[in-house]
Amino acid sequence: MLCTNYIAPATKLIKSCRRMPWMIQLEDQFIVDDQGKAAYQNTRLEHNVQLNINSSPKLARLTRIMVTLGMKNSDPDTIVDMMMAGANIVRLNLSHESEKWHAITVQSIREAGNRMYEFTNEVYPLGVAMNLRGPEIRTGAFRGDEKSLGFAKLKEGSMVRLVTDNIAKRAGCSSCFWISYPDLPRVCRPGDRLLIDRGAALLQVTCIREKEINCRVIKGGTVTDYKPVQLLDSVVSLPQISEKDTEHIKLASMLECDFLIVNNTRNEKMIYAIKCRLRQFGVTKLCVMAKISTQQGLDSLDEILNAADAILLDRPSIEIEVGQEKLFLVEKIIIAKCIKIGKPIVLGFQVCNNGKLNIDMNLIANAVLNGVDAILLKTGSLEPKEVSQLLKDVDVVCREAESALWQKDIFDELSYKVPVPLDPLHAIIVGAVETSLKSNAAAIVVTTTTGRSAVLLSMYRPRCPILAVTRYGIVARWLQLYYGIHALHYRMEALLNWGEDMQARIQTGIDSLRRKRYIRVGDPVVVVSGWRQGTGFTNCIRIVYASPGLENQISDFEPCW
């Protein structure tokens, strides 16, 4: 029967059309407050002109956050507070503390995950990253002066000897201390500079002998035991992987960590050596991240990008190498190269200065505007309350910057430059992102087994969050590193056929987004899924509208449309 206003005798009025009460009329849609008017401008200048300082950002943060755990903030309760405040990955630095402490801390992380599940009834896929010590140069212990045990005060203009003889390993003082690099006299030249403890003191070589070098203190400061030493003007020839690193790789595999950070990566051979060790231990499901902190790493960046699974740019160390005036340029270049080839890029920030919390939030906002996937906050020395408050502050800054980001620029450049013809999955992903932009979607829900579909979606930087629903916990934790992805570890409670299971996963994802208030009733949601069981069959895009939920469900209608 056709919809009509004609009233037949002894019949009821037939409504023109029946629709769900929570669905919105297309002509009634409006662009929401999160800088939506600026986001859809055609030029960058118009985008910047249309930005509104009074606009409110979305609740869903797209940039990922990694935090460092230390002695003060590694108990389960504190880790739960970090997860509630927005931490996606926790980092353990193997340069500090004992292996036993790291093993206990990983147990605390697992316990925190169990508590989080009790609170939310959802598995929180908190990633665990181990930062290898790496081949590095360090000072010895300062025990040569009874008045200054454990430290030495280097005064500007004074002379100091650096010796490589192991006899002096624990006999350091303000005039002479041990260095762990035996070839130091061979690689140094008069006039070369040595930086101790990332800027605590700066020395300049004046004289070179067989097993020692004499230096003048250019910048004075206090140096404590076993601090790192950087040779700013010399090319260092260190082993690709140390024996201690091999032990730590085995530890990371035994503790089932998700990410392995290769400290002071100088070339691609270091990455290949780490992956070779992992294969020897029978480990394949571990993301190897290259930490760029030296000039040698910058010079070999293109080769490192091909070998590593992700890049971590250590801003404080690179600033020492290239200078403050060049740091912004290094950031832009590395972030752009990573986005171009689809590798996640993490930017490391030092949050403490002289033991006090001190970080410029503008630097984090600029990193988000440049397109970084995640930021690393070195919070190992902070108190638990300070870490939680810092995470909340950074969360607000990231969401404000993400709202002001002109994603259309990145999407257009990447989608227009891809080779034609595309493989089916890649083509579907491009279509899904464009659909989300055209429909002003509140979220993208993707069902994935290996995580590849979600990673490709992240590469094109949609404006809305990407909810990746997967059955595998390791995949959910890996995806925590990528921009915009909120991973959901889905546990099938009943034996369902493939079609019912697929619909249950999609509905679970939409319910999760609604509970977190990332979407509202009536918001359009783009769903990307497969047409048959197995990997490699993702080729379906559809738009559904968020319903009020199962508790208010109207009969004869599906929970989401």
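This one's a predicted model, so the numbers in the text were calculated from it and none came from an experiment.

### Side note on the sheet that holds strand β21 (residues 485-489)
At step 1: With mixed pairing, the five strands of this open sheet are ordered in space as β21-β20-β19-β22-β23. Only two strands of the sheet have a single partner each, and these edge strands are β21 and β23 (538-545). Taking each pair of neighbouring strands and ignoring which way they run, the sheet shows an average axis angle of 20°.
At step 2: With five bridges connecting them, strand β20 (residues 466-470) and β21 associate as parallel partners. Residue Ala-468 lies in a different strand from β21, and its bridge partner there is Ala-487.
At step 3: Contacts from helix α16 (residues 452-459) reach β19 (443-447), β20, β21 and β23, with the element oriented near 155° to β19.
At step 4: Seen against the sheet, helix α18 (residues 498-515) touches β19, β20, β21, β22 (524-530) and β23 and runs at an angle of roughly 150° to β19.

### A look at the packing of helix α3 (residues 76-85) against helix α13 (residues 384-403)
At step 1: Axis separation between α3 and α13 bottoms out at 9 Å; the angle between their running directions is 10°. Here α3 is positioned roughly parallel relative to α13, judged by the angle of their axes. Counted together, Thr-78, Asp-81, Met-82 and Ala-85 of α3 and Pro-384, Val-387, Ser-388, Leu-391 and Lys-392 of α13 form the full contact between these two elements.
At step 2: Grouping the constituent residues of the contact of α3 with α13 by class yields five nonpolar, two polar and two charged.

### Section: the pattern of salt bridges
At step 1: Inspection of every chain in the model, using the stated rule, returns 26 salt bridges.
At step 2: Where Arg-477 meets Asp-258, a salt bridge forms, and the shortest distance between an N and an O atom there is 2.8 Å. A residue pair is termed long-range when its members are at least 10 positions apart, and Arg-477 in helix α17 (residues 473-478) and Asp-258 in the loop between α6 (243-254) and β12 (259-262) qualify at 219 residues.
At step 3: On the basis of relative accessible area, Asp-258 is assigned to the buried category, the value being 0%.

### Some remarks on the pairing of β20
At step 1: Taking burial as the measure, the five residues of β20 include five buried ones, the bulk of the element.
At step 2: Every second residue of β20 is oriented toward a common face, with Ile-466, Ala-468 and Thr-470 on one face and Leu-467 and Val-469 on the other, all of them buried.
At step 3: Where β19 lies against β20, four bridges are found, and the strand directions are parallel. The residue bridging Val-446 from the neighbouring strand is Ala-468, located in β20.
At step 4: Running through α16, the crossover from β19 to the neighbouring parallel element β20 is right-handed.
At step 5: Traced from β20 through α17 to β21, the parallel crossover comes out right-handed.

### Overview of the nonpolar core
A general trend in soluble globular proteins is that nonpolar side chains are found buried together.
At step 1: Among the nonpolar cores identified, the biggest contains 120 residues, and Ile-311, Leu-377 and Leu-481 are the most heavily contacted of them.
At step 2: Apart from the residues lying within four places of it in its own chain, the contact partners of Leu-377 are Ile-65, Met-66, Val-67, Thr-68, Phe-349, Val-351, Ile-359, Ile-364, Leu-390, Leu-391 and Val-394.
At step 3: With 25 residues, the next largest nonpolar core counts Ile-137, Leu-154, Ile-179 and Ile-196 among its residues.

### Side note on the confidence of the model for the protein
Interpretation of this model should avoid reading the predicted coordinates in detail wherever pLDDT is low.
At step 1: Taken as a whole, the protein shows an average pLDDT of 86; of its residues, 90% reach a score of 70 or greater.
At step 2: Below pLDDT 50 for its whole length, residues 1-31 participates in 34 contacts with residues either more than four positions away or in separate chains.
At step 3: Note on residues 550-561: pLDDT under 50 across the span, and 25 contacts to partners over four residues away in sequence or across chains.

### Thoughts on the side chain of Asp-373
At step 1: Its place among the elements puts Asp-373 in the loop between α12 (361-370) and β18 (374-378).
At step 2: Other than its neighbours up to four places away in sequence, Asp-373 contacts Thr-63, Arg-64, Lys-343, Pro-344, Ile-345, Ser-458, Arg-461, Leu-481, Tyr-482 and Tyr-483.

### Concerning the packing of aromatic side chains
At step 1: This model, assessed by the stated rule, comprises two aromatic pairs.
At step 2: Ring centres 5.9 Å apart and planes at 65° place the aromatic pair Phe-411 and Tyr-460 in the edge-to-face group. Taken together, the positions of Phe-411 in helix α14 (residues 407-417) and Tyr-460 in the loop between α16 and β20 put the pair 49 residues apart, joining distant regions of the chain.

### Some words on unusual backbone geometry
At step 1: Positive phi outside glycine occurs at Tyr-226, with the angle close to 55°.
At step 2: One can find Tyr-226 in the loop between β10 (221-224) and β11 (229-231).
At step 3: You can call Tyr-226 partly exposed: its relative accessible area is 35%.
At step 4: The backbone of Asn-264 sits at a positive phi, close to 50°, despite the residue not being glycine.
At step 5: With respect to the element layout, Asn-264 can be found in the loop between β12 and α7 (268-280).
At step 6: Assessed through its relative accessible area of 19%, Asn-264 is described here as buried.

### With respect to helix α4 (residues 99-120)
At step 1: With 22 residues, α4 extends 32 Å from end C-alpha to end C-alpha; this agrees with the ideal 32 Å at 1.5 Å per step.
At step 2: Of the residues making up α4, those classed as buried are Trp-101, His-102, Thr-105, Val-106, Ser-108, Ile-109, Ala-112, Gly-113 and Met-116. On an axial view of α4, the arc spanned by its buried residues comes to 160°, and they lie on one face. Turned more than 90 degrees away from the buried face of α4, the exposed residues are Lys-100, Gln-107 and Glu-118.
At step 3: Close packing links the buried residues of α4 with α3, β2 (89-93) and β3 (127-131).
At step 4: Just downstream of α4 lies Asn-121, where phi reads positive at about 60°.

Definitions and limits used
Residues numbered from 1 in each chain as written. Predicted model: local features only at pLDDT ≥ 70, side-chain atom pairs only at ≥ 80, totals over all residues. Heavy atoms only, no water. Pairing = 2+ DSSP bridges. Helix = DSSP H or I, 4+ residues; strand = E, 2+ residues; numbered from the N terminus. Axes fitted to C-alpha atoms, helices over the stretch in contact; angles between N-to-C directions. Contact = heavy atoms within 4.5 Å. Parallel < 35°, antiparallel > 145°, perpendicular 65-115°, else oblique. Nonpolar A, V, L, I, M, F, W, Y, C, P; charged D, E, K, R; others polar. Salt bridge = Lys/Arg side-chain N within 4 Å of Asp/Glu carboxyl O. Buried < 20%, exposed > 50% of the residue type's maximum accessible area, 1.4 Å probe, protein only. Right-handed = clockwise from strand over helix to strand, strands pointing away. Core = buried A, V, L, I, M, F, W, Y, C linked by side-chain atoms within 4.5 Å. pLDDT = per-residue confidence, 0-100. Phe/Tyr/Trp six-rings, centres within 6.5 Å; stacked < 30°, edge-to-face > 60°. Expected span 1.5 Å × (residues − 1). Arc of directions from axis to C-beta.

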